[in-house]
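Residue-level structural notes
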Amino acid sequence: MPASQPPPPPPPPSSNPPGSSGRSDGTLVLCGARLTDGRTVDVRLDGGRIEAVGTAGSLAPGPARSGSRVDLSGYLLLPAPVEPHAHADTAFSADRGAPVSYDAEDVQRRATEAALLYLGHGATALRAHVRVGDVQGLGALDAVLQAGRSLRGLAELTTVAVPRLLTGAAGADGLAMLRDALKMGASVVGGCPDLDPDPTGYVERVLEVASEHGCPADLHTDASDPARLARLAAMAGGLRPGVTLGPCGGLSRVPAEAAARVADRLAAAGVTVVCLPQGGCGGVERRGTAPVRLLRAAGVRVAAGSGALRDVSNPVGRGDPLEAAYLLASGHGCCPEEAYDAVSGSARAALGLPEVRVEAGFPAELLAVRGHHLAGALSLAYSRIVVHRGRVVARTSAVREYCNSTVAAELGLPRQGRGEVS
C-alpha cells in the first residue's frame, strides 16, 4: 500500500464474538457479574432488554429457549456509557496533513473507525457534531449519516448539523444549509455562536429551527462571557426536547460569583452542560474544563464527553468515556459514582436516551469491566465486554504477565489470566 494511503479501518466486531452466540432470537445470560452495590448476580437478557436479575447461579436461558452464557466472574457490570460530544468528520485527521479532507469516502471511513473505537471503549451510542456549509457543503454530513447506517446493530450514531454563520447576508446560506441538513437526516441543530458576528442572533436562529423541527439543540461555546451565557439560558428555557451546551471551559475562568449566577440560570432553564475533561475541540486558546462542581451544586445536569479524536485540536485524543470519568474523579472533585454518571446516566439523558439500570425491564445496554469496584475500574479499565441491544458487540481483553510470577503467587496478588471468560 502506498505511504500516502490511509490505513484501513479495523473491521467491525464479529457478529458472533467469543462468549456469545450473537443470535437475536435467543437469550443471553451474564453469569457471576458483580454490581456496584457489592452483589454478585446473573443477568438474563432477551429482546434487547434485561429480563431478569438473580443471585449468582440462579438463572439460565431456559429449557424452551435458545441462548448462551457469558462468564463475568471478576467483572463489574455497569450501564453502558455513551459519547455525547464527538467530532466524527475530523477524527483521525491529525497526521494526514492540512486542510482536513472532506472527501466523502474518507469522511465515512474515519467516522466509522471513530465509532468503532468508541464502541470498543464501551459507548453504545454517540452524538457526532458535523460541519455543514463552507467547503464541505452537505457532503461530510451525508458521509457520517452513511457511517451511522452501516453501524446499525453495533452502535447508535446521531448527528448534529453545525453551520458556521447564521446571521447577516453570509448567514442566509448557512440557515438554508441547516434546514437542508435536517431534511437529510441530521437529528440535532448545532452550531458555534462564538464564531458568528452576532452570537445572540445566531442562537435565536438555532432555537427557531430546532423549534420548527421539534428537535434538540446542541451548541458549542467557550462560555467565557457570563452575560451572553445568561441570555442564552433565558432563550433556551422553553425549548423542548432541550438544549445542550459544551464544552464551556471558559466558565472556569469567570469569577466564582458570576459563574454561580450563570449556573443558577442554566439550571432553571434545564440546560445540560457537556464538559470535555480529555481536552477541548477548539484552538489551544480555549482549553480548560467547565467547573463541574459549581454546575452540579447549582443543579445543572453535567455530562462528560471526549471531544476531539486525534485531530488538530487534540492529536492524542483517546475517545474513552471511562478516561473522561477518571479525570473527573481524579481532578475535578467528583466521587467515582458521580464521575461515571457523567458519562452514562447524565450523558444518556443529554442524548434523549432511556435510562439504564441493571434491573429487569431496562434496556440491555451494558458494559462489563474487569474489577470489583467502580474506583478500581476507572483506574485500570483494560478488559471490557460491551453489550448493545442484548448482544455482545465488542470485547477487549488485556493480560498482564511478569517474568518472575512466583513473587506474585507467593504474596497472593491478583493476576489477569487467559481464558477466564468463556
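What you see is a predicted model, and the numbers here were worked out from it, not measured in a lab. (Residues numbered from 1 in each chain as written. Predicted model: local features only at pLDDT ≥ 70, side-chain atom pairs only at ≥ 80, totals over all residues. Heavy atoms only, no water.)

Looking only at helices and strands, the chain features 12 helices and 16 strands. Counting all 422 residues of the chain, 53% fall into the buried class. Sequence-distant contacts, at least 24 apart, represent 72% of the contacts inside the chain between residues at least 6 apart. Put simply, the chain shows about 18100 Å² of open surface, and 52% of that area lies on carbon and sulfur atoms. (Helix = DSSP H or I, 4+ residues; strand = E, 2+ residues; numbered from the N terminus. Buried < 20%, exposed > 50% of the residue type's maximum accessible area, 1.4 Å probe, protein only. Contact = heavy atoms within 4.5 Å. Areas by Shrake-Rupley, 256 points an atom, 1.4 Å probe, with all protein chains shown as cover.)

Owing to its 3.6 residues per turn, the α-helix aligns residues three or four sequence positions apart on the same side. Its 17 residues give helix α3 (residues 168-184) an end-to-end C-alpha distance of 25 Å, which sits within 8% of 24 Å, the value for a rise of 1.5 Å per residue. Of all the positions in α3, only Gly-171, Gly-174, Leu-175, Leu-178, Ala-181 and Leu-182 are classed as buried. Looking straight down α3, one finds its buried side chains confined to an arc of 120°; they lie on one side. Relative to its buried face, α3 has exposed residues pointing more than 90 degrees away, namely Ala-169, Asp-173 and Lys-183. On its buried side, α3 packs onto β7 (125-132), α2 (139-150), β8 (156-163), β9 (188-191) and α4 (199-213). At the C-terminal side of α3, Gly-185 shows a positive phi close to 140°. (Expected span 1.5 Å × (residues − 1). Arc of directions from axis to C-beta.)

What follows concerns the environment of Val-132. With respect to the helices and strands, the residue Val-132 is situated in strand β7. Accessibility expressed as a relative area gives 3% for Val-132, which makes it buried. The spatial distance from the C-alpha of Val-132 to the C-alpha of Ala-161 is 6.2 Å, given a sequence separation of 29 residues. Among all residues touching Val-132, those that are not within four sequence positions of it are Gly-137, Leu-138, Leu-141, Ala-161, Val-162, Pro-163, Arg-164, Met-177 and Ala-181.

We now examine the pairing of strand β12 (residues 272-275). Here β12 shows no split at all, with Thr-272 and Val-274 on one side and Val-273 and Cys-275 on the other all buried. Read as a crossover between parallel neighbours, the route from strand β11 (residues 243-247) over helix α6 (residues 256-269) to β12 is right-handed. Examined bridge by bridge, β12 and strand β13 (residues 302-304) share 3 bridges and lie parallel to one another. Within β13, the residue paired with Val-273 across the bridge is Val-302. (Right-handed = clockwise from strand over helix to strand, strands pointing away. Pairing = 2+ DSSP bridges.)

Here we take up the sheet that holds β7. Sheets are built from strands that pair by backbone hydrogen bonding, the pairs being arranged parallel or antiparallel. Across the sheet, 8 strands lie side by side as β6-β7-β8-β9-β10-β11-β12-β13; this open sheet has parallel pairing. Every other strand in the sheet has two partners, leaving β6 (83-86) and β13 as the edge strands with one partner each. Direction aside, the axes of adjacent strands within the sheet are offset by 25° on average. The sheet contact formed by strand β10 (residues 217-221) and β11 spans 5 bridges and is parallel. Directly across from His-220, in β11, lies its bridge partner Gly-246. (Axes fitted to C-alpha atoms, helices over the stretch in contact; angles between N-to-C directions.)

Take the side chain of Asn-314 next. As for its placement among the helices and strands, Asn-314 is situated in the loop between β13 and α8 (321-331). Of the polar contacts made by the side chain of Asn-314, one reaches the backbone oxygen of Gln-278; its length is 3.3 Å. Excluding its chain neighbours within four sequence positions, the residues that come into contact with Asn-314 are Gln-278, Gly-279, Gly-280, Ala-308 and Leu-309. (Polar contact = N/O pair within 3.5 Å; in protein donor to acceptor, adjacent residues only side chain to side chain.)

All right, on to the nonpolar core then. Counting residues in hydrophobic clusters, the biggest one holds 91 residues, and the most contacted among them are Leu-245, Leu-266 and Leu-295. Top contributing element to this core by residue count: helix α1 (residues 104-121), with 7 residues. Not counting residues within four places of it along the chain, the set of residues in contact with Leu-245 comprises Leu-219, Thr-221, Leu-229, Leu-232, Leu-266, Val-271, Thr-272, Val-273 and Val-274. Among the nonpolar cores identified, the runner-up in size contains 21 residues, and Val-70, Leu-72, Val-356 and Val-387 belong to it. (Core = buried A, V, L, I, M, F, W, Y, C linked by side-chain atoms within 4.5 Å.)

A separate point is the pattern of salt bridges. Counted by the stated rule, this structure contains 15 salt bridges. A salt bridge links Asp-106 to Arg-110, with the shortest nitrogen-to-oxygen separation between them at 3.3 Å. Placement of both Asp-106 and Arg-110 in helix α1 is noted, with a separation of 4 residues, approximately one turn of the helix. For Arg-110, a relative accessible area of 1% corresponds to the buried category. Between Asp-225 and Arg-228 there is a salt bridge whose closest N-O contact spans 4.0 Å. Residue Asp-225 is classed as partly exposed on the basis of its relative accessible area of 30%. (Salt bridge = Lys/Arg side-chain N within 4 Å of Asp/Glu carboxyl O.)

Another aspect to go through is the confidence of the model for the chain. Here the chain averages 88 in pLDDT, while 87% of its residues score no lower than 70. Ignoring residues within four places in sequence, the model shows residues 1-24, a span with pLDDT below 50, making 36 contacts including any to other chains. In the model, residues 418-422 has pLDDT below 50 throughout and makes 14 contacts with residues more than four positions away in sequence or in other chains. (pLDDT = per-residue confidence, 0-100.)

We now examine the pairing of strand β16 (residues 391-396). Relative to β16, strand β15 (residues 384-388) is paired through 5 bridges, and the arrangement is antiparallel. Following the sheet pairing, Val-387 is matched in β16 by Val-392. Hairpin connection from β15 to β16: 2 residues lie between these consecutive antiparallel strands, with Arg-389 at a positive phi of about 55°.

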